[in-house]
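An overview of the molecular structure
So the chains spell out like this:
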Amino acid sequence: MTAAAPADSPVDVPEPAGLWEGALQGYTPKSLAGATVLDGPRLDALLAAGPAVLIDVSEADPTPPNPPAGRLWRPIHRAIPESTWLPGAGSGTLSAPEQVALAARIAALTQGDRGRAIVTYCHPDCWGSWNLGKRLVHLGYRNVHWYPEGIEGWQDRHDTAAIHPDEIWTRRAKDGAGP
């Protein structure tokens, strides 16, 4: 099912049996069993063919030290337009409540359609989007796509959009609440 290889890796990284639990930044496999690996042109074609759920799992910038009293910290970052930003959702070590919250959020984003196209991404050489893709396959989603070129690959060809972290995911993951 692999359509294209991610960025040219100088090493051949095998797919782990489970989720990757090491550092999220590093060389990744060229495949993701049960999912389709996309390069830029194939992502463009997928998006032109119809709606897809785009999920960015990039980590949020840390809260600045000593923010002014009363000022909220709400990070914004650039991503593929129409994306949902689920910071931290690509961790290989989500707690049980975080896994429940993630499954509920994905079900809501796909409107319960396990055949709906879902694209996971973050940055090049990022295990987070690979992990989320693997989780989605294990949750029974049948149209999972991994875009390993990430935000930087997208912005080489297209404009990005400023997005905020998904408030529902952020609240549920933080509170350890389920659906």
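Details of the structure are given in the entry above.
Residues numbered from 1 in each chain as written. Predicted model: local features only at pLDDT ≥ 70, side-chain atom pairs only at ≥ 80, totals over all residues. Heavy atoms only, no water.

1. Structural notes on the state of the cysteines
Selection criterion: Our working definition of a disulfide is a cysteine sulfur pair at a distance within 2.5 Å.
Taken as a whole and assessed by the stated rule, the structure comprises one disulfide. Each sulfur of the disulfide joining Cys-122 and Cys-126 lies 2.2 Å from the other. Because the torsion about its S-S bond is -125°, the bridge between Cys-122 and Cys-126 counts as left-handed.

2. What to know about the pairing of strand E2 (residues 53-56)
To be explicit about the condition: Three labels apply to residues, based on accessible area from a 1.4 Å probe with only protein chains included: buried if under 20% of the type maximum, exposed if over 50%, partly exposed otherwise in between. Numbering of helices and strands runs from the N terminus, with a helix taken as a DSSP run of H or I at least four residues long and a strand as a DSSP run of E at least two residues long. Criterion used throughout: strands pair if DSSP finds at least two bridges between them.
With burial as the criterion, each face of E2 is covered, one bearing Val-53 and Ile-55 and the other bearing Leu-54 and Asp-56. As paired strands, E2 and strand E5 (residues 118-121) are joined by four bridges and run parallel to one another. What sits directly across from Leu-54, in E5, is Val-119. Pairing between E2 and strand E4 (residues 84-85): two bridges, direction parallel. If you follow Asp-56 over to E4, its bridge partner there is Trp-85.

3. Some words on helix H3 (residues 127-138)
Each α-helix turn comprises 3.6 residues. Residues three or four places apart therefore point the same way. Let me state the cut-off plainly: A helix's residues, less one, multiplied by 1.5 Å, set its expected span. Every residue pair with non-hydrogen atoms within 4.5 Å of one another is taken to be in contact.
Between the first and last C-alpha of H3 there are 16 Å, a value that for twelve residues agrees with the 16 Å anticipated at 1.5 Å per step. Burial analysis of H3 places ten of its twelve residues in the buried class, which makes it a mostly covered element. Looking at H3, one finds that the buried residues are Trp-127, Gly-128, Ser-129, Trp-130, Asn-131, Leu-132, Gly-133, Lys-134, Arg-135 and Leu-136. Packing partners of the buried residues in H3 comprise E2, helix H2 (96-109), E5 and strand E6 (144-146).

4. Section: the environment of Ala-107
Structurally, Ala-107 can be placed in helix H2. Overall, the relative accessible area of 29% leaves Ala-107 in the partly exposed class. Once the C-alpha coordinates of Ala-107 and Tyr-141 are considered, the two residues, 34 residues apart in sequence, prove to be 9.7 Å apart.

5. Comments concerning the pairing of E5
Cut-off, in case you're wondering: By convention, a crossover is right-handed whenever its connection, traced from the first strand over the helix to the second and viewed with the strands pointing away, goes clockwise.
Of the two faces of E5, the one holding Ile-118 and Thr-120 and the one holding Val-119 and Tyr-121 are both buried throughout. Two strands pair when backbone bridges link them, and E5 and E6 are joined in this way by three bridges, in the parallel orientation. Bridged to Val-119 within E6 is His-145. Taking the sense of rotation as the criterion, the β-α-β connection linking E5, H3 and E6 turns out right-handed.

6. A closer look at the sheet that holds E4
Quick reminder of the rule: Comment: axis = line fitted to C-alpha atoms, over the contacting stretch for helices; angle = value between 0 and 180 degrees taken between N-to-C directions.
One open sheet accounts for five strands, arranged E1-E6-E5-E2-E4; its pairing is parallel. Either end of the sheet is taken by a strand with one partner, and the two such strands are strand E1 (36-37) and E4. The strands touched by H3 within the sheet are E2, E5 and E6, with E5 carrying the most contacts at an inclination of about 150°.

Treat this as a map of the structure, not an account of what it does.
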